Amino acid sequence: MPELIQSVRGMNDLLPPDSAKWGYVERRCRELFERHGYEEIRTPVLEHTPLFARGIGETTDIVEKEMYTFTDRDESSLTLRPEGTASVIRAYIEHSLAHREPVSKLFYIGPMFRRERPQKGRYRQFHQIGAEILGRDDPLIDAELLLMLHDFFTALRLEVTIDVNSLGDAVCRPAYRESLRVFGESRLAQLCENCHARLHRNPLRLLDCKEPGCRQVTADAPVFADFLCAPCRDHFARVQDYLRRENVPFALNPRLVRGLDYYCRTSFEVIAQGLGSQNAVCGGGRYDGLVEQLGGPAVPGIGFAIGVERLVMLLQAQAPPRSSPPDLFIAPLGEAAEGRAFSVAHRLRLGGYRIELESGSRGLKAQMRRADKLGARYVLILGENELAAGKGTVRDMQAKSDRPAAIDLALPARAMIEAIYNPSSQPSALSPQPEGAEQDSPGKV
Ligand code: HAM
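All values derive from a computational prediction rather than experimental measurement. (Residues numbered from 1 in each chain as written. Predicted model: local features only at pLDDT ≥ 70, side-chain atom pairs only at ≥ 80, totals over all residues. Heavy atoms only, no water.)

Participant: Looking at this structure, how should I read the overall build of the protein?
Facilitator: From N to C terminus, the protein includes 16 helices and 16 strands. For the protein, the spread of C-alpha atoms along the three principal axes comes to 90 × 60 × 45 Å. Every one of the 445 residues in the protein was classed for burial, and the buried ones make up 50%. Contacts in the protein between residues far apart in sequence, at least 24 positions, make up 69% of those at least 6 positions apart. Here the protein has roughly 22,000 Å² of accessible surface; of this, 51% comes from carbon and sulfur atoms. (Helix = DSSP H or I, 4+ residues; strand = E, 2+ residues; numbered from the N terminus. Buried < 20%, exposed > 50% of the residue type's maximum accessible area, 1.4 Å probe, protein only. Contact = heavy atoms within 4.5 Å. Areas by Shrake-Rupley, 256 points an atom, 1.4 Å probe, with all protein chains shown as cover.)

Structural data, given as structure tokens:
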């Protein structure tokens, strides 16, 4: 027996019925983004390594330890994207999007890759739904983005907390970094090895350490709010005013520093209960210097990314996935009946109905078992001897009753389904709407 080849650790297959939940989440996001004027962008999963090294920051965990980087045949260094923002900015600059519109609102959905230690809610291939606004730096935009996120989670009936902080700008950050460094130096003996390294390379990351000892020490660390320059303080205050105006609940979290270096001013994370230690379902913030840093014009930006695996986990806890049953299950008996069933199924599917078609070579009993498993309410049984008469038998699986029905391929799909559901041909209350007309809900996927 050849050896079984399994998927790569931390990279998962997405199977039904979970895939339907993902489709639902993606549809809701697209709807929401379109209502807010975002347009989709798709960028390649591979980029030149310096894009991430420069964009995310050389001293971040992502760039130092977690990237899937390899040397291509032409000796160039390529990396599987660990996040979407740097790629979006690269495309924004490369295609001069700034010249097309003063403000670009872009969203993306796709896989990201980080070589982290896999655990619940943390994978090596994971998926993000992200949004970026380029071209405006006023507090209204920050608040609008956060309000949209709040509305999104509320619409999904998920209880989350939005943690916010301001990470200042190039004017006020150096003094804060220095104060954290001095604070860390004075407590060096109580800090972990990693924090010793962080202290010199990236002192803000002291606040992000998960070690209980370090967390205890840094509980008394200086907070950014005391160091913000007047414009940053005013910007942050106005963001909060807008959020209060629309009753968006948020929590000020002075420890929130984010794991990517490009952030400035408003930074945030959406935290959900029930995810264990990987409880951030979304992260984001403002990155006003990034476009310039990557070789583009001085255009400010802000954005977020939602972790799809974590979001789906939250929804799963709320309502188990359920596939919607077919509108009709067609059970042909024999080859001739199968041909007619094939045409009936095609006609009804064109009309927007969800049809399950079995093979005519299977026995009636086996076909019925499958119809039952799929939750079909109606089964159209097409037997060879009914064919000539243009008839079939409809079995109502709930009422456990059979009745004859006329099958006329010349009729429009709606009339055909009416005749099947209700042989007296009166419009029936049980008629399903074509799929597109259905109301979307997390229970029905
Ligand atoms: P991030 O905080 O690194 O930000 O990731 C955003 C979200 O992706 C996290 O909150 C989490 O839900 C999910 N995520 C991250 N790593 C993993 C993983 N290994 N397994 C499963 N889910 C994960 C960014 O990536 C920024 N680009 C967000 C952004 C957009 N900032 C501005 N614009």
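Participant: Whenever I open this one, the pairing of strand β4 (residues 77-80) confuses me. Can you help?
Facilitator: Note on strand geometry: in a regular strand, side chains alternate between the two faces of the sheet. Note that strand β2 (residues 46-48) and β4 share three bridges and pair antiparallel. When the bridges of β4 are listed, E47 appears paired with T79. Bridge count between strand β3 (residues 69-71) and β4: three bridges; the pairing is antiparallel. Within β4, the residue paired with T71 across the bridge is S77. With antiparallel pairing between neighbouring strands as the criterion, β3 and β4 make up a hairpin whose turn holds five residues, including E75 at a positive phi of roughly 75°. (Pairing = 2+ DSSP bridges.)

Participant: Explanation requested: the nonpolar core in the structure shown.
Facilitator: What tends to happen in soluble globular proteins is that the nonpolar side chains get buried as a cluster. In this structure, F33, F153, V281, F304, I306 and L311 are the most contacted members of the largest nonpolar core, which totals 93 residues. Among the elements that make up this core, the one with the highest residue count is helix α6 (residues 139-155) (eight residues). Contact partners of F153, with chain neighbours within four places excluded, come to L158, V160, V270, V281, C282, I306 and L311. Judged by nonpolar contacts, the second largest core, of 21 residues, contains A337, V344, A345 and Y421. (Core = buried A, V, L, I, M, F, W, Y, C linked by side-chain atoms within 4.5 Å.)

Participant: How should the site of the ligand be read in this particular structure?
Facilitator: Residues in contact with the ligand amount to 27 residues; listed here are only the nearest, E83, E116, E132, Y263 and A280. In the model, a nitrogen atom of the ligand is placed 2.8 Å from a nitrogen or oxygen of the E132 side chain. Taken by itself the ligand offers 660 Å² of open surface, and the protein chains cover 96% of this. For the shell around the ligand, the elements supplying multiple residues, two or more each, are β6 (125-134), β10 (280-286) and β11 (301-307). (Near = heavy atom within 4 Å. Polar contact = N/O pair within 3.5 Å; in protein donor to acceptor, adjacent residues only side chain to side chain.)

Participant: Even after reading the chapter, I still don't get helix α16 (residues 413-421), so can you show me in this structure?
Facilitator: Residues that lie three or four places apart on an α-helix share one face, since the helix turns once every 3.6 residues. For α16, the tally of buried residues reaches seven of nine residues, placing the bulk of the element in the interior. Of all the positions in α16, only A413, M416, I417, E418, A419, I420 and Y421 are classed as buried. Those residues of α16 hidden inside the fold are in contact with β12 (328-332), α13 (335-350), β14 (378-382), β15 (391-396) and β16 (401-406).

Participant: What exactly am I supposed to notice about the environment of L311 here?
Facilitator: Within the fold, L311 resides in helix α12 (residues 308-318). Look at L311 and you get buried, because its relative accessible area is 0%. The residues contacting L311, other than those within four sequence positions of it, are V25, F152, F153, L156, L158, V281 and I306.

Participant: I'm lost on the pattern of salt bridges in this one. Help?
Facilitator: When the charged atoms of two side chains with opposite charge come close together, those side chains can pair. In the structure shown here, the tally under the stated rule is 23 salt bridges. Salt-bridge contacts for D138 lead to R136; the nearest nitrogen and oxygen are separated by 2.7 Å. For R136, a relative accessible area of 30% corresponds to the partly exposed category. Between R370 and E358 there is a salt bridge; the shortest N-O distance is 3.2 Å. Within this pair, whereas R370 is found in helix α14 (residues 364-374), its partner E358 is found in the loop between β13 (355-357) and α14, the two being separated by 12 residues in sequence. Assessed through its relative accessible area of 34%, R370 is described here as partly exposed. Take E358: its relative accessible area is 8%, and that puts it in the buried class. (Salt bridge = Lys/Arg side-chain N within 4 Å of Asp/Glu carboxyl O.)

Participant: Please explain the pairing of β10 as it appears in this structure.
Facilitator: For β10, the buried fraction is high: six of the seven residues fall into the buried class. Here six bridges tie strand β9 (residues 264-272) to β10, and the two strands are oriented antiparallel to one another. Bridging across to β10, I271 finds its partner in A280. Examined bridge by bridge, β10 and β11 share five bridges and lie antiparallel to one another. Its bridge partner lying in β11, C282 is registered against I306.

Participant: Explanation requested: the sheet that holds β3 in the structure shown.
Facilitator: Each strand in a sheet pairs with its neighbour through backbone hydrogen bonds, running either in the same direction (parallel) or in the opposite one (antiparallel). Across the sheet, which stays open at both edges, the three strands sit in the order β2-β4-β3 with antiparallel pairing between neighbours. Two strands close off the open sheet at either side, each with one partner strand: β2 and β3. Averaged over all pairs of adjacent strands, the angle between their axes in this sheet comes to 35°, without regard to strand direction. Lying on the sheet, helix α2 (residues 49-56) is in contact with β2, β3 and β4; it crosses β2 at an angle near 75°. (Axes fitted to C-alpha atoms, helices over the stretch in contact; angles between N-to-C directions.)

Participant: Help me understand unusual backbone geometry, please; the structure alone is not making it clear to me.
Facilitator: Both trends apply: most residues other than glycine have a negative phi, and most peptide bonds are in trans. Cis geometry marks the peptide bond from P16 to P17, where omega comes out at 5°. Note that P17 resides in the segment before α1 (18-35). Positioned with a positive phi, E75 is a non-glycine residue whose angle comes to about 75°. Relative to the helices and strands, E75 is located in the loop between β3 and β4. Although it is not a glycine, K400 sits at a positive phi angle of roughly 55°. Tracing the backbone through its elements, the reader meets K400 in the loop between β15 and β16. The exposed category is assigned to K400, whose relative accessible area is 71%.

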